[in-house]
Amino acid sequence: MIFGHGDDTYRYGDKVKINFSSNIYQKADLTGLEEYLSQHIDAIRHYPAPVAQELEEMIASKLEIPANMVMVTSGANEAIYLIAQLYRGWTSIIPQPTYHEYEDACKMFGHLISYERTDELDILPQDRIYWLCNPDNPTGNVILKPLLMRIIKQHPRYLYVLDQSYADYTIQAVIRPKEIVDSYNAMMIRSFSKKYCVPGLRLGYFIASPIIIERMRQIRQPWTVNILAIEAGKYLIEHDPKVLPDMQVYLAEAQRLKNELQKIEGLMVMDTFTHYMLVNIDWTSSLELKNWLIKHHGILIRDASNFHGLDDHCFRVAAQSPEENDALITAIKEFKATK
């Protein structure tokens, strides 16, 4: 586990005025969910079901897939670690830069790890898993759906883990769960945290063939998903509150932020298909910029130096409101003037 994933507002208390560090939308209206949970708070007096079967059936019905293909997990991370455990000792291909928990989980369970170096692929064992974050974190890159579907079908010997936690933050086409029902070499991870902006609940789900799901159940600990998270999940699936902004408008604002950052001399911003973006700064370190912004403006950015393959000149920001984005741009310009 690398500290700093998600965000690290816990380090700064009330110093954070604008949070660009988290990829999760900051202004979601969760009033309905909060009221529902307050009315069901007495559920904490009881153990949750060892298997969240009712919630799994609700998810499956919503996605139009068989219920035995769904397993509710304690966030996306539990699914990641269970996959690594189930396929202990396999080869894992992890294209970089990407979410670091894939690598941490694979190291924990003795995987041979490759970062998709072309000269390695021909000599690696055939028992291999490809970990594909789509949209990717931290780059915002999205693999084209037809290309990804073709790769999965043409290589049935390999397993593919499709982490689509941020699928609701892009307008690019991604693979739908029901499109992998007959693809026994494809697994999918989805997250309530991102779609409904509730990372503190630690709630996600895993989609795979019934055989893989059953094998996963045999190795997981009981009661990993708490009872309030299960209740929240049932409410969210039933009511499906629209807590995210209009994505066309939001991504247009993210593109404006990207363009304005790109105008600052010494900043290079990667193209992105979602609301967050990776930035390289050549005249200071990402940590120095981060510390200055939080101290002088209460603005928190994500120091991306702990992503594999990135260095201490990389940071990530997620677009906020136009006014907040302008505040970030002005603050970085102010900092540059001090150098």
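Just above, that's the structure.
Residues numbered from 1 in each chain as written. Predicted model: local features only at pLDDT ≥ 70, side-chain atom pairs only at ≥ 80, totals over all residues. Heavy atoms only, no water.

J.: Would you take a moment to explain the sheet that holds strand β10 (residues 276–281) for this structure?
T.: On the basis of which strands lie adjacent, the open sheet formed by 4 strands has the order β9-β10-β13-β12 and antiparallel pairing. At either end of the open sheet lies a strand with only one pairing partner, and these are β9 (267–269) and β12 (302–303). Sheet analysis places β9 next to β10, joined by 3 bridges and oriented antiparallel. Across the sheet, the residue bridging to valine 269 is valine 279, located in β10. (Pairing = 2+ DSSP bridges. Helix = DSSP H or I, 4+ residues; strand = E, 2+ residues; numbered from the N terminus.)

J.: Hey, could you run me through the packing of helix α2 (residues 53–63) against helix α9 (residues 227–239) in this one?
T.: One way to put it is that α2 packs onto α9 with a least axis distance of 10 Å and a crossing angle of 20°. Of the possible angle classes, the one that applies to α2 and α9 is roughly parallel. Both α2 and α9 take part in a crossing whose hand is left-handed. Of the residues in α9, those touching α2 at Glu54, Leu55, Met58, Ile59 and Lys62 are Ile230, Gly233, Lys234, Ile237 and Glu238. Class assignment of the residues belonging to the contact of α2 with α9 gives a composition of 5 nonpolar, 1 polar and 4 charged. (Axes fitted to C-alpha atoms, helices over the stretch in contact; angles between N-to-C directions. Parallel < 35°, antiparallel > 145°, perpendicular 65-115°, else oblique. Left-handed = near helix turned anticlockwise from the far one by under 90°. Contact = heavy atoms within 4.5 Å. Nonpolar A, V, L, I, M, F, W, Y, C, P; charged D, E, K, R; others polar.)

J.: Whenever I open this one, the side chain of arginine 316 confuses me. Can you help?
T.: As for its position among the elements, arginine 316 is in strand β13 (residues 314–318). On the basis of relative accessibility, which here comes to 2%, the residue arginine 316 falls in the buried class. Among the polar contacts made by the side chain of arginine 316, one reaches the main-chain carbonyl oxygen of serine 21 at a distance of 2.6 Å. Within the structure, arginine 316 has its side chain in polar contact with the side chain of asparagine 137 (distance 2.8 Å). (Buried < 20%, exposed > 50% of the residue type's maximum accessible area, 1.4 Å probe, protein only. Polar contact = N/O pair within 3.5 Å; in protein donor to acceptor, adjacent residues only side chain to side chain.)

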